[in-house]
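Here is what each chain is made of, one letter per residue.
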Amino acid sequence: MSLQILILAVTAACCLGFGFVLQQNAAQKAPLSDFLSPRILLDLMKVPRWLGGIGLMVVGMALGAMALGQGEISLVEPLLATNLLFALMLSRRQTKQPLGRQGWTGLALLAGGVTAFIVAGQPQGGTPTDSPLRHWLIIGVMVGAALVLTTYAKRSRLSSGPALLATAAGLLYGVQDALTRVTGQRFAEGGMTEVLTSWQPFAVVALGLTGLILVQSAFETASLRMSLPALTAAQPLAGIACGVGFLGDRLRTDAGALAWEAAGLAGIVVGIIMLGTHSAMPSGAVQPRRVAPALQTP
């Protein structure tokens, strides 16, 4: 792993983590009538803090795209998952809560899990699969799972709904990362002409906007403790599945390596859950009824 990829991915994670906190601070004041509607984006555009969060997220996604252009998605995605560490740093300044045993344990599990997966798996680039069936099957499973989760979330918007929406958004963002890498490869091969004559960049935009609506609806109806862990855990898992499934990423497959890779992924997920549910994350109590005038700059 080159130092440049490491710096790009970790800087991207920093921007994403800070951006998510600012977005949730603003989104929790949005009217519930905007739930799962594009109107939520129009309403939130009036809030400077949300715009700042979106700006940071855009910068993070751009840096992440640069990292994906230079490294395997199976390498970059675990590093991007560290965005939760930076979200917790900003949240601690707001809530004044110490890390405590849960925080330090979650930090160790997340950092150790990322290290174990990368060291054991040794992700390497390969030749993307030529099978359209395999390509569309993996994307279809991810998008289909996101659709099912969103459908169930609509029925339980204030209980398990936010976590389901965040998981759905994470799956879409993982696919978006994979297609971003494909778009970068096409640009390197044939410039903008090659990019604009393929479907991947348009899918990247569509997935990004859909994921953004899902995330803001999750942030609107619950605290970061319920939404951000699911988002942060689902994205790298989906991205790695796409990377290995059809982008040609190769991981070590001997018994010892597979065991450490599985342990690393488990550590990442458990660490994310422990950090995401930490008391330092703002509780963001949601009012049962809200109207549009309540959307004001915090």
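Residues numbered from 1 in each chain as written. Predicted model: local features only at pLDDT ≥ 70, side-chain atom pairs only at ≥ 80, totals over all residues. Heavy atoms only, no water.

**Student:** In this structure, what is going on with the overall build of the chain? I would like to understand it.
**Tutor:** The helix and strand tally for the chain stands at eleven helices and zero strands. Starting at the N terminus, the α and β elements of the chain follow one another as α-α-α-α-α-α-α-α-α-α-α. The C-alpha atoms of the chain give 19 Å as radius of gyration, which agrees with the globular expectation for 298 residues (19 Å, within 12%). The principal-axis extents of the C-alpha atoms in the chain amount to approximately 55 × 45 × 35 Å. Partitioning the contacts of the chain with sequence separation of at least 6, the portion at a separation of at least 24 is 88%. For the chain, the accessible area works out to roughly 13,100 Å², and carbon and sulfur atoms hold 67% of it. For the chain, the centre of its 19 positive side-chain charges and the centre of its 12 negative side-chain charges are spaced 16 Å apart. (Helix = DSSP H or I, 4+ residues; strand = E, 2+ residues; numbered from the N terminus. Rg over C-alpha atoms; globule rule 2.2 N^0.38 Å. Contact = heavy atoms within 4.5 Å. Areas by Shrake-Rupley, 256 points an atom, 1.4 Å probe, with all protein chains shown as cover. Lys, Arg positive; Asp, Glu negative; His and termini not counted. Charge placed at Lys NZ, Arg CZ, Asp CG, Glu CD.)

**Student:** What is the right way to read the nonpolar core from this model?
**Tutor:** A general tendency of soluble globular proteins is for nonpolar side chains to be buried together. Ranked by internal contacts, the top residues of the largest apolar core, which has 80 residues, are Leu228 and Leu231. Here Leu231 is in contact with Phe20, Ala166, Thr167, Ala169, Gly170, Tyr173 and Val215, once residues within four sequence places are set aside. (Core = buried A, V, L, I, M, F, W, Y, C linked by side-chain atoms within 4.5 Å. Buried < 20%, exposed > 50% of the residue type's maximum accessible area, 1.4 Å probe, protein only.)

**Student:** Help me understand the confidence of the model for the chain in this model?
**Tutor:** Detailed reading of the predicted model is not advised wherever pLDDT is low. Here the chain shows a mean pLDDT of 84. Residues at 70 or above account for 93%. Taken element by element, the predicted model of the chain shows its lowest mean pLDDT in helix H5 (residues 83-95) (82) and its highest in helix H3 (residues 48-70) (92). Across residues 285-298, where pLDDT falls below 50, the model places 31 contacts with residues more than four positions away in sequence or in other chains. (pLDDT = per-residue confidence, 0-100.)

**Student:** Even after reading the chapter, I still don't get the packing of aromatic side chains, so can you show me in this structure?
**Tutor:** Aromatic ring pairs: the centre-centre distance and the angle between the two ring planes describe each pair. The full count for this structure, using the stated rule, is three aromatic pairs. Between Phe18 and Phe86, the aromatic rings sit 6.3 Å apart at their centres with planes inclined by 90°, giving edge-to-face as the arrangement. Of the two residues, Phe18 sits in helix H1 (residues 3-27) while Phe86 sits in helix H5, which places them 68 residues apart along the sequence. For Phe18, a relative accessible area of 24% gives the class partly exposed. (Phe/Tyr/Trp six-rings, centres within 6.5 Å; stacked < 30°, edge-to-face > 60°.)

**Student:** Help me understand the side chain of Thr232 in this model?
**Tutor:** As for its position among the elements, Thr232 is in helix H10 (residues 224-246). For Thr232, a relative accessible area of 2% gives the class buried.

**Student:** What should I look at first to understand the side chain of Arg181 in this one?
**Tutor:** Within the secondary structure, Arg181 is located in helix H8 (residues 161-196). The residues contacting Arg181, other than those within four sequence positions of it, are Leu68, Gly71, Glu72, Ile73, Leu247 and Asp249.

**Student:** Help me understand the environment of Ala234 in this model?
**Tutor:** Following the sequence through the fold, Ala234 ends up in helix H10. With near-sequence residues (within four places) excluded, Ala234 lies in contact with Thr167, Gly170 and Leu171.

**Student:** I tried to follow H5 on my own but got confused; where do I start?
**Tutor:** Across its 13 residues, H5 extends 18 Å between first and last C-alpha, which sits within 8% of the 18 Å expected from 1.5 Å per residue. Buried positions along H5 lie against H1, helix H4 (73-80), helix H6 (100-121), H10 and helix H11 (255-276). (Expected span 1.5 Å × (residues − 1).)

**Student:** Would you mind showing me how to read unusual backbone geometry here?
**Tutor:** Note on backbone geometry: most residues besides glycine have negative phi, and most peptide bonds are trans. One non-glycine residue, Gln122, lies in the positive phi region at around 45°. As for its position among the elements, Gln122 is in the loop between H6 and helix H7 (132-155). Given a relative accessible area of 40%, Gln122 falls into the partly exposed group.

**Student:** What am I meant to see in a nonpolar patch on the surface here?
**Tutor:** Together, Phe187, Met192, Leu196 and Phe202 make up an exposed nonpolar region whose accessible area comes to about 440 Å². When residues in the nonpolar patch are grouped by element, the largest group, three residues, is from H8. A relative accessible area of 53% means that Leu196 is categorised as exposed. (Patch = residues over 30% accessible without salt bridge, like charges linked within 9 Å, V, L, I, M, F, W, Y side chains within 5 Å. Salt bridge = Lys/Arg side-chain N within 4 Å of Asp/Glu carboxyl O.)

**Student:** Would you mind going over the state of the cysteines with me for this structure?
**Tutor:** What we call a disulfide is simply a covalent bond connecting the sulfur atoms of a pair of cysteines. Under the criterion given, the structure shown has zero disulfides. In this structure Cys14 is not part of a disulfide, and its nearest cysteine sulfur, from Cys15, lies 5.5 Å away. (Disulfide = S-S within 2.5 Å.)

**Student:** Honestly, the layout of surface pockets in this entry has me stumped. Any pointers?
**Tutor:** Gaps left between atoms are located by rolling a probe of water-molecule size over the structure's atoms. Here the largest pocket defines a volume of roughly 420 Å³. Forming the boundary of the largest pocket are 21 residues, of which Met57, Met61, Tyr173, Gln176 and Gly208 lie nearest the centre. Elements with a minimum of two residues in the lining of the largest pocket: H1, H3, H8 and helix H9 (200-221). Looking at the lining of the largest pocket, the element that brings in the most residues is H3, giving eight residues. Of the voids in this model, the second largest pocket is the one considered here, and its volume is about 230 Å³. Together, Pro128, Thr129, Asp130, His135, Val182, Gln185, Arg186, Glu189, Gln200, Phe246 and Leu247 line the second largest pocket. Of the residues forming the lining of the second largest pocket, the biggest block, four residues, is contributed by H8. (1 Å grid on protein atoms, 1.4 Å probe; cavity = no way out; pocket = protein on both sides within 12 Å on 5 of 7 lines; lining within 4 Å. Points joined across faces, edges and corners; volume = space filled by probe spheres on them.)

**Student:** Looking at this structure, I do not really get empty space enclosed by the protein. What am I missing?
**Tutor:** Scanning the entire structure with this criterion turns up one cavity of 30 Å³ or more. Considering only enclosed or pocket space, the largest cavity measures out at about 50 Å³ in volume. Contributions of two or more residues to the lining of the largest cavity are made by H4 and H10. Across the lining of the largest cavity, the residue classes tally to four nonpolar, three polar and one charged. (Nonpolar A, V, L, I, M, F, W, Y, C, P; charged D, E, K, R; others polar.)

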